[in-house]
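Residue strings, one per chain:
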Amino acid sequence: MDLNRLPNDKKLQLCKWYFKVGCLLLPFVWAVNSVWFFKEAFVKPQFEEQKQIKKYVILSGVGTLVWATALTTWAVAFQLQRVAWGATGDALSFIVPLGRA
């Protein structure tokens, strides 16, 4: 979809919709929203809906960073501590390794 063809009120509506979908635990949509609407929010000349678009782009970017940080932290902690967690670590594993290298 070419954002240049959309009127500004439809851009705001789409940006807001992407943000709300991202709130349904789909942080990838937040990442798409923040990248896709970045130019509309920060580069283009001022227009009436730009302030609201800017708000949703910033919130989407922050949400994406929080999710990425949480996911990375969980992955590192799980990889480093799975063996120490014993049966709980095994229960959380999809594939249980047979030994330790």
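Residues numbered from 1 in each chain as written. Predicted model: local features only at pLDDT ≥ 70, side-chain atom pairs only at ≥ 80, totals over all residues. Heavy atoms only, no water.

1. Description of the overall build of the protein
- The helix and strand tally for the protein stands at five helices and zero strands.
- For the protein, the N- to C-terminal ordering of α and β elements is α-α-α-α-α.
- Rg of the C-alpha trace for the protein: 20 Å, well past the compact-globule value of 13 Å for 101 residues, more than 25% over.
- In terms of principal-axis extent, the alpha carbons of the protein reach across some 60 × 20 × 20 Å.
- Looking at the protein as a whole, 30% of its 101 residues qualify as buried. (Helix = DSSP H or I, 4+ residues; strand = E, 2+ residues; numbered from the N terminus. Rg over C-alpha atoms; globule rule 2.2 N^0.38 Å. Buried < 20%, exposed > 50% of the residue type's maximum accessible area, 1.4 Å probe, protein only.)

2. Examining the UniProt feature "transmembrane region" (unreviewed entry) in the protein
- Listed under "transmembrane region" (unreviewed entry) in the UniProt record, and renumbered for this structure, are residues 17–36 and 56–77.
- Each end of residues 17–36 is marked by a C-alpha atom, and these two atoms are 13 Å apart; helix forms 80% of the span and strand 0%.
- Along residues 56–77, the helical share is 100% and the strand share 0%, with 31 Å between the first and last C-alpha atoms. (UniProt positions renumbered as here; feature names shortened; annotations may be inferred.)

3. With respect to the nonpolar core
- If you look at the biggest cluster of nonpolar residues, it comprises 15 residues, and the most contacted ones within it are Leu 14, Cys 15, Phe 37, Ile 53, Tyr 56 and Val 57.
- Of all elements in the fold, only helix H1 (8–22), helix H2 (27–36) and helix H4 (50–81) reach the threshold of two or more residues within this core.
- Top contributing element to this core by residue count: H1, with six residues.
- Beyond its immediate stretch of four places on either side in the chain, Ile 53 contacts Lys 11, Leu 12, Cys 15, Phe 37, Ala 41 and Phe 47. (Core = buried A, V, L, I, M, F, W, Y, C linked by side-chain atoms within 4.5 Å. Contact = heavy atoms within 4.5 Å.)

4. Some thoughts on the pattern of salt bridges
- Under the counting rule described, the total for this entry stands at four salt bridges.
- Notably, a salt bridge pairs Asp 2 with Arg 5, separated by 3.9 Å at the nearest N-O pair.
- Asp 2 gets classed as partly exposed once you look at its relative accessible area, which sits at 38%.
- Of the charged contacts, one joins Arg 82 and Asp 90 as a salt bridge, the two residues approaching to 2.8 Å between their closest N and O atoms.
- Through salt bridges with shared partners, a single ionic network connects Lys 11, Glu 40 and Lys 44. (Salt bridge = Lys/Arg side-chain N within 4 Å of Asp/Glu carboxyl O.)

5. Concerning a nonpolar patch on the surface
- Judged by side-chain polarity, Phe 38, Phe 42, Val 43, Ile 58, Val 62 and Val 66 come together as a nonpolar surface patch covering roughly 550 Å² of accessible area.
- Of all elements in the fold, only helix H3 (38–42) and H4 reach the threshold of two or more residues within the nonpolar patch.
- The biggest single contributor to the nonpolar patch is H4, with three residues.
- Val 66 sits in the exposed class, given a relative accessible area of 52%. (Patch = residues over 30% accessible without salt bridge, like charges linked within 9 Å, V, L, I, M, F, W, Y side chains within 5 Å. Areas by Shrake-Rupley, 256 points an atom, 1.4 Å probe, with all protein chains shown as cover.)

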